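# Examining the three-dimensional arrangement
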Amino acid sequence: ISVHGSGRLPERPIGTLTDTMSAHGVQFDEVKLPLNAHGDLTGGVYEIAGNISSQFLSGLLMALPLCDSSSEIRLTTKLQSSAYVSMTLDTLRQFGIQINVSSDVSGNVYEIPGKQAYHMPEHIAIDGDWSNAAFWLVAGAIQSAQNAAVSVTGLSQNSIQGDSAIQKILQESGAMLEETSTNLSVHGGQNRAQTISMESIPDLMPILAIKAAFADGTTEFINAERLRLKESDRIESTAAMIRSLGGSVETEAEKIIIHGTGSLCGGTVDAMNDHRIVMAAAVAAGICSEPVIIRGAEAVNKSYPTFFEDLTAVKGVVHVL
């Protein structure tokens, strides 16, 4: 196979994955995109870091059950973004795949019998997307308490998605939440500053930064070092967005600090090819004192192609330049 990529994608580190696959039957001509690979993946003992990308582990968990022999995956570092791996394991179980998870002194161990086969379940329900719902929920939370609530349908309160944490974060900050069997509605209340660990919820960083800019004090986002490996360096791109909109922000190697001023003035935001920066800046525009121009807004198509249509549906005003 040949794998190509553009933008920031070729810069994202994949050496830890190619190294462990190279030890089990697959040869690569490069350790970054573009690359060519050939050979058959074999079973055995895999050792891989858990603090770079949970996607490496998820990919192996999907592939190794199909090998002729059994496999074992051992993590060499603490697993971050563990909720994404839990989602993978849950989906695999629904398709009849058996994986045993245990622990040793270094962390989780995944035991994977070989010669398995995927079986289509008779029924499968797809969880609503808490990651993208978070933009609308925060939009409701930063509005004036006199404004109408923003309601989102299709979210499961029993979801194992890590980004379902947005509900608790908003509650603890003072937003007003109302839940029914079909809707989760949020409208403005108090917006308290918080200290939030990003270890398990890296995709919430940009929209939580917008919320923090309107808070009543200084919000710290800690354990954020992995955000530098996203579609953009999400610590720096988030900070640049806040500055472009007139906010006050500081960055460190593993954290971002936002001084809430209660308002943003608007301005021009470079999305840096990051779909979540696009959506966060668009939500901020709803209560900025001046318009917001987003350069590279087409990046939203990565995860939410109808975002601007939905923004218009909730009375947002969008002009394509």
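Here, every reference points to the structure presented above.
Remember, predicted model here, so these are calculated numbers, not experimental data.

## Re the overall build of the chain
On a plain count of helices and strands, the chain comes out with nine helices and 16 strands. The globule rule puts the C-alpha radius of gyration for 321 residues at 20 Å, and the 21 Å found for the chain is close to it. For the chain, the spread of C-alpha atoms along the three principal axes comes to 60 × 40 × 40 Å. Taking all 321 residues of the chain together, the buried fraction comes to 45%.

## Comments concerning the pairing of strand β16 (residues 292-295)
Along β16, the buried face is formed by V292 and I294; none of I293 and R295, which line the opposite face, is buried. Of the strand pairs in this sheet, strand β15 (residues 267-270) and β16 are connected by four bridges, and their pairing is parallel. Across the sheet, residue D270 finds its bridge partner in β16, namely R295. Following the chain from β15 across helix α8 (residues 275-285) to the adjacent parallel β16, one finds a crossover that is right-handed.

## What about the environment of I277?
Mapped onto the elements of the fold, I277 is located in helix α8. Linking I277 and A299, residues 22 residues apart in sequence, is a C-alpha distance of 8.9 Å. Those residues in contact with I277 that lie beyond four places of it in its chain are P206, S237, T238, M241, V269, D270 and A271.

## Structural notes on a nonpolar patch on the surface
A cluster of nonpolar side chains, contributed by M62, L66 and Y118, occupies part of the molecular surface with about 290 Å² of accessible area. Along the chain, the position of Y118 falls in the loop between β7 (107-112) and α4 (130-141).

## Focus: the state of the cysteines
In this structure the tally under the stated criterion is zero disulfides. C288 supplies the cysteine sulfur nearest to C265, a cysteine that is in no disulfide, at a spacing of 7.0 Å.

## Remarks on the side chain of Q116
Inspection of the secondary structure puts Q116 in the loop between β7 and α4. You can call Q116 buried: its relative accessible area is 16%.

## Regarding the sheet that holds strand β10 (residues 183-187)
Strand order across the open sheet formed by three strands is β8-β10-β9, with antiparallel pairing between neighbours. Either end of the sheet is taken by a strand with one partner, and the two such strands are β8 (150-153) and β9 (176-179). Direction aside, the axes of adjacent strands within the sheet are offset by 20 degrees on average. The strands that α4 touches are β8 and β10; relative to β10, the one it contacts most, it runs at about 40 degrees. Helix-sheet contacts for helix α5 (residues 166-173) involve β9 and β10, and the interaxial angle to β9 is about 135 degrees.

## Digging into the packing of aromatic side chains
Geometry of an aromatic ring pair is reported as the spacing of the ring centres plus the angle between the planes. Taken as a whole, this structure holds four aromatic pairs when the rule is applied. Aromatic rings pair up to connect W136, Y304, F307 and F308 into one cluster.

## Overview of the pattern of salt bridges
Summed over all chains, the structure comprises 10 salt bridges. Between R276 and D203 there is a salt bridge, and its shortest N-O distance comes to 3.6 Å. In this pair, R276 sits in helix α8 while D203 sits in the loop between β11 (195-197) and α6 (205-213), placing the two residues 73 residues apart along the sequence. With respect to burial, R276 and D203 carry one shared label: buried. The closest approach of N and O atoms between R228 and D233, which form a salt bridge, is 2.9 Å. Take R228: its relative accessible area is 22%, and that puts it in the partly exposed class. Residue D233 is classed as partly exposed on the basis of its relative accessible area, which comes to 22%. In the salt-bridge network here, residues are joined through shared partners; they are D203, K230, R234, D274 and R276.

What counts and what doesn't
- Just so you know, the residues in each chain are numbered from 1, in the order the chain's sequence is written.
- Local features in a predicted model are, by the rule used here, given only for residues with pLDDT of at least 70; side-chain atom pairs are given and counted only at 80 or more, and totals for whole chains, interfaces and linings are based on all residues.
- To obtain the side-chain values, all non-hydrogen atoms of the structure were used and water was disregarded.
- What counts as a helix is a DSSP run of H or I of at least four residues, what counts as a strand is a run of E of at least two, and both are numbered from the N terminus.
- We compute the radius of gyration over the C-alpha atoms and compare it with the globule rule, which gives 2.2 Å times the number of residues raised to the power 0.38.
- When a residue's accessible area, from a 1.4 Å probe over protein chains only, is under 20% of the maximum for its type it is buried; when over 50% it is exposed; and in between it is partly exposed.
- A pair of strands is labelled paired if DSSP reports no fewer than 2 bridges between them.
- Seen with the strands pointing away from the viewer, any crossover whose path from the first strand over the helix to the second strand runs clockwise is right-handed.
- Note on definitions: a residue-residue contact is assigned when non-hydrogen atoms from the two residues lie within 4.5 Å.
- Residues enter a patch when their relative accessible area is above 30% and they make no salt bridge; the linking distance is 9 Å between like charges and 5 Å between nonpolar side chains (Val, Leu, Ile, Met, Phe, Trp, Tyr).
- Only the protein chains shown count as cover for residues, and the accessible areas themselves come from Shrake-Rupley with a 1.4 Å probe.
- Salt bridges are defined by distance alone: a side-chain nitrogen of Lys or Arg within 4 Å of a carboxyl oxygen of Asp or Glu.
- Two cysteine sulfurs form what is called a disulfide whenever their separation falls within 2.5 Å.
- Every axis corresponds to a line fitted to the C-alpha atoms, with the helix fit spanning only the stretch in contact, and the corresponding angles, defined between N-to-C directions, vary from 0 to 180 degrees.
- For this analysis, a ring pair means two rings from Phe, Tyr or Trp (six-membered ring only for Trp) whose centres lie within 6.5 Å, classed as stacked if their planes differ by under 30 degrees, edge-to-face if by over 60, and tilted for the remaining angles.

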